[in-house]
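Each chain is listed here by its residues.
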Amino acid sequence: ITPQTFEVNITGTNDVPIITASDVIGVITEGSVLADSGAITFADVDLTDRPQASYAVKSLVALQADGTTSFTLTPEQSTQIKAGFSIQQDSLSTNNGMVNWAYAIPELHIDFLAVGERVTLLETITVADGSGTATQDVTITITGTDDLPIVEDSSVTALPITGFEYQFSVQDFKFIDPDSTLQKIRITELPKASTVDKPGILVIRNVGSDNQVVEVVRNQEILSSDIPKLFYIPNDDTEEPYFRFSV
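Presented here is an overview of the structure given in this document. The model shown is predicted, which means the values in this text are computed figures rather than measured ones.

## Notes on the sheet that holds strand β7 (residues 118-128)
Read across the sheet, four strands follow the order β2-β8-β7-β4 without closing on themselves; strand pairing throughout is mixed. Every other strand in the sheet has two partners, leaving β2 (25-29) and β4 (52-63) as the edge strands with one partner each. Each neighbouring strand pair of the sheet contributes to a mean axis angle of 20 degrees, computed without reference to strand direction. Relative to β7, β4 runs antiparallel, the two being bridged by eleven bridges.

In structure tokens form, the structure reads like this:
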């Protein structure tokens, strides 16, 4: 028997990385939680491969409080929300490794969200070894809460000129609320003036056949739709009358 030598050639092919998700859900709540983070791990059986991670926006969806009706973000809002996401690959990664993700956003960039409104950002992390890729989605959900209104000036000067009635409009009651419009005001202090003994009065005038006039009392609430019915009636030589309100 003559010995024979056989040569066996084994040719390798690329094995794509395999991702294991550790934490891929971020939860942001306006007014309380403005940052979240998590990680994924990857493994590549090809010992000489050195996979690298990257990320890209997959989708961005904004829904009203009912959870089904969408609304459109401005370009600036979209840019600011997307800018909050980042990744950092572990410096000790070889063919195996870890990718940390983080999300953070300033409060002022999500103040526009009303209570219950929600924005969902979907980011895709891609791990590539040069010949193949693996992907993992990360979901960031941002939920809006109610922002308390801020009154710019709690006093209103009815009319700096004496002797004339003044009809108010919503624009006379200045306040800041990024996620709501004016609903109502409360009269917290009745008119005062330089002529203290003759401050004049506030009335609600129902324009119609009877033209009914009802004097406003302290702490009375007035719906925004009724503000055009609000009048100041001066008393003779009243000078620079004003009153105070809250929203």
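## Overview of the sheet that holds strand β6 (residues 96-104)
Strands pair in a sheet through their backbones, by hydrogen bonds, and they do so in one of two ways: parallel or antiparallel. Pairing is antiparallel in the open sheet, where four strands are placed in the order β1-β3-β6-β5. At either end of the open sheet lies a strand with only one pairing partner, and these are β1 (18-23) and β5 (85-89). Strand-to-strand twist across the sheet, computed as the mean angle between neighbouring axes with direction ignored, equals 20 degrees. Relative to β6, β5 is paired through five bridges, and the arrangement is antiparallel. Pairing of Q89 across the sheet is with V99, part of β6.

## Re the pattern of salt bridges
A full pass over the atoms with the stated rule returns three salt bridges. Measuring nitrogen to oxygen at the nearest pair gives 2.6 Å for the salt bridge that ties R186 to E221. Of this pair, R186 sits in strand β13 (residues 184-192) while E221 sits in strand β16 (residues 221-223); the two residues are 35 residues apart in sequence, bridging distant segments of the chain.

## With respect to helix α1 (residues 75-82)
All buried positions along α1 are accounted for by Q77, S78, Q80 and I81. An end-on view of α1 places all buried positions within 165 degrees of arc, on one side of the element. In α1, the exposed positions angled more than 90 degrees off the buried face are occupied by P75, E76 and T79. Where α1 is buried, its residues touch β4, β6, β7 and β8 (133-143).

## Here we look at the nonpolar core
The nonpolar side chains of soluble globular proteins are, as a tendency, buried together. With 25 residues, the main nonpolar core has I81, F85, W101, Y103, I125, I140 and I142 as its most contacted residues. Of all the secondary-structure elements, those providing two or more residues to this core are β3 (35-43), β5, β6, β7 and β8. With near-sequence residues (within four places) excluded, I140 lies in contact with G26, I28, F85, W101, Y103, V119, T120 and L121. Membership of the second largest hydrophobic core comes to 14 residues, among which are F173, V216, I222 and I227.

What counts and how
- Residues numbered from 1 in each chain as written.
- Predicted model: local features only at pLDDT ≥ 70, side-chain atom pairs only at ≥ 80, totals over all residues.
- Heavy atoms only, no water.
- Pairing = 2+ DSSP bridges.
- Helix = DSSP H or I, 4+ residues; strand = E, 2+ residues; numbered from the N terminus.
- Axes fitted to C-alpha atoms, helices over the stretch in contact; angles between N-to-C directions.
- Salt bridge = Lys/Arg side-chain N within 4 Å of Asp/Glu carboxyl O.
- Buried < 20%, exposed > 50% of the residue type's maximum accessible area, 1.4 Å probe, protein only.
- Arc of directions from axis to C-beta.
- Contact = heavy atoms within 4.5 Å.
- Core = buried A, V, L, I, M, F, W, Y, C linked by side-chain atoms within 4.5 Å.

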